[in-house]
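Survey of secondary and tertiary structure
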Amino acid sequence: MANTDKQVNELIKREYEHGFVTDIEADTFEPGLNEDVIRRLSAVKGEPEFMLEWRLKAYRRWLEMDEPEWAHVHYPKVDYQNISYYSAPKRPEDMPQSLDEVDPELLRTYEKLGIPLHERAALAGVAVDAVFDSVSVATTFKEPLAKAGVIFCSISEAVHEHPELVKKYLGSVVPIGDNFFACLNAATFSDGTFVYIPKGVRCPMELSTYFRINAANTGQFERTLIIAEEGSYVSYLEGCTAPMRDENQLHAAVVELVALDDAQIKYSTVQNWYPGDENGIGGIYNFVTKRGAAIGKNSKISWTQVETGSAITWKYPSCILRGENSVGEFYSVALTNNYQQADTGTKMIHLGKNTSSTIISKGISAGHSSNAYRGLVKFGPGAEGARNFTQCDSLLIGDRSAAHTFPYIENKNKNSIVEHEATTSKVSDEQMFLCRQRGIDPEQAVSMIVNGFCKEVFKELPMEFAVEAGKLLEVSLEGSVG
Amino acid sequence: MLSIKNLHASVEGKEILKGINLEIKAGEVHAIMGPNGSGKSTLSQVLAGNEAFEVTEGEVLMDGNNLLDLETEERARDGIFLAFQYPVEIPGVSNMQFLRTAVNSLRRHRGEEEMNAAEFMKLARETSKQVDLDPNFLKRGVNEGFSGGEKKRNEILQALLLQPRLAILDETDSGLDIDALKVVADGVNALKSKDRAVLMVTHYQRLLNHIVPDYVHVLADGRIVKSGGSELAFELEERGYGWLGINDAVAS
């Protein structure tokens, strides 16, 4: 630690030499990105040398990369020098002290989603200690996990406590130079989640980011690493149906999953970041790289996502099916309303023998929004007996929204099977008339029809999440009728 | 209950209804007959509030209030029910969920407590037997993969659950074999009461053997050209529409 303090002091001194002023908000870096910023970030976090080296390597690589433009989305250029790359978690005294200080509109939404009262406060960013005893929450989940040998902590903590695992697996699925946003993340990630399930262990509970309240405000460049050892199982829930308070516009997260022999990882996401207003002003850019490596034989990686938020979503949770008989799944509901844009889908890379994958994608476009499915199914020469089934359905609401499908298939193996089905439909006037003639409100009718359309995906979500997801669609579709 | 005065309506600029006058009182059963293209279905759609049709003239009063001012769902909550000629499918939405949502919308409107899933399931299973539908149909998507006859019975099931004050049956007999026709007719007869009225739109007389109307009206070219008692239906069956001066070329 003494060494780290020295480094920090040195850096701070150097900043002053460069004429930076940091006294006003000591916990937030001034906007800008260069090697010094990365050194400072690493130092503030007290990281070991290997992490700093890793970040610097990523940064240098990133400098040579161009921002991708192939996605079917349009947005003004992001000025990466105008972003602050570190902001310390807010101090309790800076947060709202009670729900009375929180935007009533936000609370109204929570109520509609049926979120329990104590959770509402935490989500609204009320100082946790002022609301409930965070220690008790922590212990209720920490004890059974510790007993099972499961490691569930922030990635910063893992860097210190389990450097050997971090060194071995960080970047093993999404290499630092994988793509522009993943590379930026590697250089600058502020925090994230680390999960390790030991051999033969079935994780005794569904792990949710919600439990890790201290890390809820980890900023825009999150990094998640989940490792499932031989014969283990874990179900991980990311995000929340409630709109989260967030001041960062750009989110460039990276998620890496590693499944060894006979291991299973189920990763469920509900993404409801701020989508911008009904005129398309504001909103989050969600540029995420998510990938799982099914390394072991008979391993399985399953992605389920419900994406309703963000102004722009650019996201392709993928599976590399390397192990023999390994299985990849992707179940997705992506809903866009108003001026939202989504370009999302998956990649199933079949490398091992008898690997199989299933893709079920449901895209819903309302308002002026645009929703694209983009998927790659690839069979390597060794993917003997591999098979994929893809079904992608689009539902249009109104006559100003758009749906696009971009499926790519690359097959280098003759003994593999790929099936692709795609449909585009509309919520028809006849369906609406039937519902309304039976006394059902138009908005409730649309929500019911959309929920019916998404049923195949919702049934993959953990029970409680599925109910919330249904309500979330209802809230997200508000104003889409008429 | 329902009073239609000089009702004119058009679709895509083409006038279909050209001045309909009709009085329906509680407890009555009315049948509207007429050749294809005479405006029978349009009349039922307009009463139910289909926005594809534009009312250009006239008024419709329900219990003295202007029905045409109300949204489709408000009319339904006031007790207007339309059994569709071609019921549409809603994939993925279970019949059970759809029906419960509808029933609870009406209950909410009447200030009654909503039915929970278990209560409703019991009611729906009972009622489905009444129209000879296997309760398994309740789990399937609304009309999804139903045969023509199943769809029609499903419409009557909905009428029985929603207990409308005015049930409008749009060609409910079309495409039914004689057994199914009997089931559907029994369902409609079970609905009849002194507080309710039924308006049947049909091309053929055979439905009227099972549901005996108090009044029969003949619709031609957007107007009611003749009204009478149930005996009028038999006369039409025997003599066709020609003797009324109606060109039934489309129908034949």
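The structure presented is a predicted model; accordingly, all values stated were derived computationally and were not measured.

Our next topic: the overall build of chain B. Looking only at helices and strands, chain B has eight helices and twelve strands in total. Whereas a compact globule of 252 residues would reach a radius of gyration of roughly 18 Å, chain B reaches 18 Å, a difference of no more than 12%. Within the span of chain B, comprising 252 residues, buried residues form 55% of the whole. Considering only contacts in chain B between residues 6 or more positions apart, those separated by 24 or more positions represent 69%. In the structure as shown, chain B presents an accessible area of about 11,000 Å², 46% of it carried by carbon and sulfur atoms. Charged side chains in chain B number 28 positive and 39 negative. The centres of these two groups are separated by 4 Å.

With that out of the way, let us pick up the packing of helix α3 (residues 95-109) of chain B against helix α5 (residues 148-162) of chain B. Working note: a packed helix pair is described by the angle between its axes plus the distance between those axes. Residue and element names in this part refer to chain B. The interhelical angle for the contact between α3 and α5, taken along N-to-C directions, is 35 degrees, at an axis separation of 10 Å. Here α3 runs over α5; the crossing is right-handed. The segment α3 lies against α5, with Asn 95, Phe 98, Leu 99, Ala 102, Val 103 and Leu 106 engaging Asn 154, Leu 157, Gln 158, Leu 161 and Leu 162. Residues of the contact of α3 with α5, tallied by class, amount to eight nonpolar, three polar and no charged.

A separate point is the interface of chain B and chain A. Facing 33 residues of chain B, the contacting portion of chain A comprises 18 residues. At the boundary of chain B and chain A, one finds five salt bridges. Linking chain B to chain A there are 13 residue pairs in polar contact (both at pLDDT 80 or more). Listing elements by their share of the side of chain B that touches chain A, those giving two or more residues are α1 (40-48), α2 (72-77), β6 (80-83), β7 (90-94), α3 and α5 of chain B. The greatest single-element share of the side of chain B that touches chain A, amounting to seven residues, is contributed by α3(B). The residue inventory of the side of chain B that touches chain A, partitioned by class, reads 16 nonpolar, ten polar and seven charged.

Before going further, it helps to examine the nonpolar core. Formed by 111 residues in total, the largest nonpolar core has its most connected members in Ile364(A), Val450(A), Leu2(B), Ile4(B), Phe98(B), Leu166(B) and Met200(B). At seven residues, the largest contribution of residues to this core is made by helix α6 (residues 178-191) of chain B. For Phe98(B), the contacting residues outside a window of four places in its chain are Leu434(A), Cys435(A), Arg438(A), Ile440(A), Met448(A), Ile90(B), Val93(B), Val142(B) and Gln158(B).

Residue and element names in this part refer to chain A. Within the secondary structure, Ser 42 sits in helix α2 (residues 35-44). Residue classification places Ser 42 among the buried residues on the basis of a relative accessible area of 3%. Among the polar contacts made by the side chain of Ser 42, one reaches the side chain of Glu 47 at a distance of 2.8 Å. Not counting residues within four places of it along the chain, the set of residues in contact with Ser 42 comprises Glu 47, Leu 52 and Arg 55.

Let us look at the sheet that holds strand β5 (residues 233-239) of chain A. All names here are of chain A. An order of β3-β5-β8-β10-β13-β15-β17-β19 is seen for the eight strands of this open sheet, with the pairing classed as parallel. The open sheet terminates on both sides in strands that have one partner only, identified here as β3 (207-208) and β19 (417-426). Here strand β17 (residues 387-396) runs beside β19; their pairing, made up of ten bridges, is parallel. Following the sheet pairing, Phe 389 is matched in β19 by Glu 419.

To continue, consider α5(B). Residue and element names in this part refer to chain B. Its 15 residues place the ends of α5 21 Å apart at the C-alpha level, agreeing with the 21 Å of an ideal helix rising 1.5 Å per residue. Most of α5 sits out of view: 14 of its 15 residues are buried. Where α5 ends, the next residue or the one after it, Gln 163, has phi of about 50 degrees, a positive value.

Conventions we followed
- Residues numbered from 1 in each chain as written.
- Chains lettered and ligands numbered in written order.
- Predicted model: local features only at pLDDT ≥ 70, side-chain atom pairs only at ≥ 80, totals over all residues.
- Heavy atoms only, no water.
- Helix = DSSP H or I, 4+ residues; strand = E, 2+ residues; numbered from the N terminus.
- Rg over C-alpha atoms; globule rule 2.2 N^0.38 Å.
- Buried < 20%, exposed > 50% of the residue type's maximum accessible area, 1.4 Å probe, protein only.
- Contact = heavy atoms within 4.5 Å.
- Areas by Shrake-Rupley, 256 points an atom, 1.4 Å probe, with all protein chains shown as cover.
- Lys, Arg positive; Asp, Glu negative; His and termini not counted.
- Charge placed at Lys NZ, Arg CZ, Asp CG, Glu CD.
- Axes fitted to C-alpha atoms, helices over the stretch in contact; angles between N-to-C directions.
- Left-handed = near helix turned anticlockwise from the far one by under 90°.
- Nonpolar A, V, L, I, M, F, W, Y, C, P; charged D, E, K, R; others polar.
- Salt bridge = Lys/Arg side-chain N within 4 Å of Asp/Glu carboxyl O.
- Polar contact = N/O pair within 3.5 Å; in protein donor to acceptor, adjacent residues only side chain to side chain.
- Core = buried A, V, L, I, M, F, W, Y, C linked by side-chain atoms within 4.5 Å.
- Pairing = 2+ DSSP bridges.
- Expected span 1.5 Å × (residues − 1).

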